[in-house]
Amino acid sequence: MTSQNLLELTDLEVVVGRGTSEENKILGKLSLKIKPGDFICLLGGNGAGKSTLLNVLAGAIQPTSGKILHAGEDISKESEVKRSSYIARVFQDPKLGTAPRMTVAENLLLAAKRGQKRGLKLRRLKENIPAFKEALKKVNPDLAGKLDLPVDQLSGGQRQALSFVMATYNKPELLLLDEHTAALDPRSSRKLMEATDEQIRAKKITAVMITHHMEDALKYGNRLLVLDHGQISHDYQGQAKQDLTLQDLAALFD
Amino acid sequence: MNLIVSAIGQGFLWGLLGLGLFLSFRIMNTTDMTVEGTFPLGAAVSVSLIVQGTNPFLATLAAFVAGALAGLVTALLITKGKIPSLLAGILTMTGIYSIDLMVMGKSNVSLLGKKTIYSLAFLQKLPQYFDSVVAGTILMVLVTCDLIWFLSTDFGQAFIATGDNPQMAKSQGISPQQMTVAGLMISNGLVGLCGAVVAQSNGYADVNMGMGMIVIALASIIISEVVFRNLGLASRLFAVSLGSIIYRLLLLAVLQVGLSSNNLNLISSLVLAACMMLPQVEEKFRLKQTFMKGFKHD
């Protein structure tokens, strides 16, 4: 049955400006099965619907029609806030993933309680510091010494690394990466991408990653989806993905 | 001397207004106009209850609850009604004016001869004007410590994060709507409380006493930020009350120079505008560097 799939998307449609002359179908009858342990790279031109698909998965956009099954339950109407207990996300914009006036440690503490009930108990920051340091060291060792710094004093690369650590601190069932290295300089971008791959493998996280880098799409993940005009035009899995070359991919976008 | 003591006492009492607005203006990043209505509402509710014979402490507590309910109305207009926050506050503030008249039955109610929170025996033994200083200090410390505690709970941290970055809050499972409700209720509760203690200190409640409250509240926040820079959150909360005292002393100075109290609103606005423009002016003219040069003669 469906139980071996983590998420099952059936005939998802997202239409904006319905009933007007501006009507625009961003996703059209898209179906996709995400298996536990999948690390999916999502490739596609501008306007292909990559970000919309990610937003639909996160719950930030409600699909116009279609179903999203999670553990056999339709979650297509469930809010972003509710889904946060099992779906985590890193945005492209380093500013979106963190609270700027709060310190690195305070941000991590918020993430450590992602999707949990937050009551009137004292936050207990100090007890978590060693675990926070440990988690930061694995992704960006510089950050481990900056736990008490407000996040707005970090560089973009450090903020993005922090966002990534926050998203994976409690292992999510699904991790969404929306071009999370795109806003960084080449060196920071490469370092974060390598750390991302390492963590996803080590923690066996199921992930969907949007990227514009064909090299990255080839190098990372076990599955590659190409999106075109709101539909999946190609789906390479396992061996088929490993056999792909840069030329093959480049040919798709000509 | 008496005038200065009185100004300090008033500063402590009015500091509650600054603390209330600090939650919405600085933490939630919204300008909540509701306070212009909540302040007289707190005054009207407490004074009316006291006149009817209610214990003044219960009446003061009731003012907090009334303020919180007004905050709830604004919060629901924003979250459920999707009305922009500035307008939502103005709607509630305007509506409350009528409620105040209903509560009081007339536009001004006096507390002459009634027992207030300042009638406590130990406050009565103090020299003149020191009662509001002592009562104000006690209230300020109580409220500030409660706020510090609240903001360091899991809920409070989620509240701060939401004001900082609502998108991030949502992806951490924090509902920004829930935080708006909680924040505006606490904030306006404090403003209602402030209205109650100020009215009892003045000896009356007046339906028009809310006029300009937002400017006074912002003035204590901004003055505290200009005078005491780079503070942590806990010290910042205490500094807001100090800002309120400095503001009262400024007003006192202005009155001593000979300006009439009719000019107070104009002066308040000018003081606030000047303080808010200070960072820009400073940058433009590099005042800081100039000052620093003036001090370093090596």
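Structure: see above.
Residues numbered from 1 in each chain as written. Chains lettered and ligands numbered in written order. Predicted model: local features only at pLDDT ≥ 70, side-chain atom pairs only at ≥ 80, totals over all residues.

(A) Seen up close, the overall build of chain A. What chain A contains, in helices and strands, is nine helices and 10 strands. A globule of 254 residues ought to have a C-alpha radius of gyration of about 18 Å, and chain A, at 19 Å, matches this closely. Counting all 254 residues of chain A, 41% fall into the buried class. Here the analysis covers contacts within chain A between residues at least 6 apart in sequence; of these, 69% occur between residues at least 24 apart. (Helix = DSSP H or I, 4+ residues; strand = E, 2+ residues; numbered from the N terminus. Rg over C-alpha atoms; globule rule 2.2 N^0.38 Å. Buried ≥ 20, exposed ≤ 12 C-beta atoms within 10 Å, placed from the backbone. Contact = placed C-beta atoms within 7 Å.)

(B) Expanded view of the overall build of chain B. In terms of helices and strands, chain B carries 13 helices and two strands. Rg of the C-alpha trace for chain B: 20 Å, near the compact-globule value of 19 Å for 298 residues, within the 12% margin. Per-residue burial over chain B gives 49% buried out of 298 residues. Of all intrachain contacts in chain B linking residues separated by at least 6 positions in sequence, the fraction that spans at least 24 positions is 79%.

(C) Region of the structure containing the interface of chain A and chain B. Taken residue by residue, the interface counts 26 residues in chain A and 18 residues in chain B. Among the secondary structure elements, those contributing two or more residues to the side of chain A that touches chain B are helix H2 (80–83) and helix H3 (104–112) of chain A. In terms of residue count, H3(A) provides more of the side of chain A that touches chain B than any other element does, four residues in total. Considering only residue class, the side of chain A that touches chain B consists of 10 nonpolar, seven polar and nine charged. (Nonpolar A, V, L, I, M, F, W, Y, C, P; charged D, E, K, R; others polar.)

(D) Fine view of the sheet that holds strand E2 (residues 24–34) of chain A. Residues and elements named next belong to chain A. The sheet built from four strands is open, its strands ordered E2-E1-E4-E5 with antiparallel pairing. The sheet is open, and its two edges are formed by E2 and strand E5 (73–74), each paired on a single side. Pairing geometry for strand E4 (residues 65–70) and E5, over two bridges, is antiparallel. Counterpart to His70 in the pairing with E5 is Glu73. (Pairing = 2+ DSSP bridges.)

(E) Just the packing of helix H7 (residues 154–164) of chain B against helix H9 (residues 176–202) of chain B, in detail. Residues and elements named next belong to chain B. For the pair H7 and H9, the least separation of the axes is 10 Å and the interaxial angle reads 110 degrees. Judged by the inter-axis angle, H7 sits roughly perpendicular to H9. Together, Ala158, Phe159 and Thr162 of H7 and Pro176, Met179, Ala182 and Gly183 of H9 make up the contact between the two elements. Partitioning the contact of H7 with H9 into residue classes produces five nonpolar, two polar and no charged. (Axes fitted to C-alpha atoms, helices over the stretch in contact; angles between N-to-C directions. Parallel < 35°, antiparallel > 145°, perpendicular 65-115°, else oblique.)

(F) Looking closely at the environment of B:Trp149. All names here are of chain B. Along the chain, Trp149 falls in helix H6 (residues 130–151). Under the C-beta neighbour-count criterion, Trp149 is labelled partly exposed, with 13 such atoms within 10 Å. With 85 residues separating them in the primary sequence, Trp149 and Ala234 have C-alpha atoms 9.3 Å apart.

(G) Highlighting the nonpolar core. Ranked by size, the top nonpolar core spans 154 residues in total, and within it A:Val165, B:Leu16, B:Leu17 and B:Cys194 carry the most contacts. Look past the residues within four positions of B:Leu16 in its chain and what remains in contact with it is B:Leu139, B:Val143, B:Leu190, B:Leu193, B:Cys194 and B:Val197. (Core = buried A, V, L, I, M, F, W, Y, C linked by C-beta atoms within 7 Å.)

(H) Main features of the sheet that holds strand E10 (residues 231–237) of chain A. Residue and element names in this part refer to chain A. Strand order in this open sheet of six strands is E6-E7-E8-E3-E9-E10, and the pairing throughout is mixed. Looking at which strands have only one partner, the edges of the open sheet turn out to be strand E6 (87–90) and E10. Strand after strand, the sheet turns through a mean of 20 degrees between neighbouring axes, direction not considered. As paired elements, strand E3 (residues 39–44) and strand E9 (residues 223–228) share five bridges and run parallel to each other.

(I) Region of the structure containing H6(B). Residue and element names in this part refer to chain B. Its 22 residues place the ends of H6 31 Å apart at the C-alpha level, agreeing with the 32 Å of an ideal helix rising 1.5 Å per residue. Asp131, Ser132, Val133, Ala135, Gly136, Leu139, Met140 and Leu147 are the residues of H6 that are buried. Buried positions along H6 lie against helix H1 (2–27), helix H5 (121–124), H9 and helix H11 (233–257). (Expected span 1.5 Å × (residues − 1).)

(J) Representation of H1(B) within the structure. Residue and element names in this part refer to chain B. Compared with the 38 Å implied by 1.5 Å per residue over 26 residues, the 36 Å span of H1 between its first and last C-alpha is a close match. The largest bend in H1 comes to about 35 degrees, at Leu21. Within H1, 20 of the 26 residues are buried, leaving the element largely enclosed by the surrounding structure. (Bend = angle between axes of the 7 residues up to and from the residue.)

(K) How the structure looks around the packing of H3(A) against H7(B). Contact pair H3(A) / H7(B): the axes reach a minimum separation of 11 Å and the direction vectors enclose 110 degrees. The orientation of H3(A) relative to H7(B) falls into the category roughly perpendicular. Crossing geometry of H3(A) relative to H7(B) is assigned as left-handed. Where H3(A) approaches H7(B), its residues A:Glu106, A:Leu109 and A:Leu110 are matched on the opposing element by B:Gln157, B:Ala158 and B:Ala161. Here the contact of H3(A) with H7(B) is built from residues that sort into four nonpolar, one polar and one charged. (Left-handed = near helix turned anticlockwise from the far one by under 90°.)

(L) Representation of the environment of A:Gln199 within the structure. All names here are of chain A. Relative to the helices and strands, Gln199 resides in helix H6 (residues 186–203). Taking the C-alpha atoms as reference points, Gln199 and Gly230, separated by 31 residues in sequence, lie 30 Å from one another. With near-sequence residues (within four places) excluded, Gln199 lies in contact with Lys138, Val139 and Thr168.

(M) View of the pairing of strand E8 (residues 207–210) of chain A. Residues and elements named next belong to chain A. Both faces of E8 are covered, namely the face carrying Ala207 and Met209 and the face carrying Val208 and Ile210. Direction of pairing for E3 relative to E8: parallel, over a ladder of four bridges. By the bridge assignment for E8, Phe39 is matched with Ala207. In the sheet, strand E7 (residues 174–178) pairs with E8 via four bridges, with the strands oriented parallel. Bridging from a neighbouring strand, Asp178 pairs with Ile210 of E8. This β-α-β element, E7 to H6 to E8, shows right-handed connectivity. (Right-handed = clockwise from strand over helix to strand, strands pointing away.)

(N) A look at unusual backbone geometry. With a phi angle near 45 degrees, A:His229 is a residue other than glycine that sits in the positive phi range. Its location among the elements puts A:His229 in the loop between E9 and E10. Since 14 C-beta atoms lie within 10 Å of it, A:His229 is described here as partly exposed. A positive phi is found at B:Lys82, a non-glycine position, where the angle reads about 55 degrees.

(O) A look at the pairing of E3(A). Among the six residues in E3(A), six count as buried, and that is most of the element. Of the two faces of E3(A), the one carrying A:Phe39, A:Cys41 and A:Leu43 and the one carrying A:Ile40, A:Leu42 and A:Gly44 are both buried.

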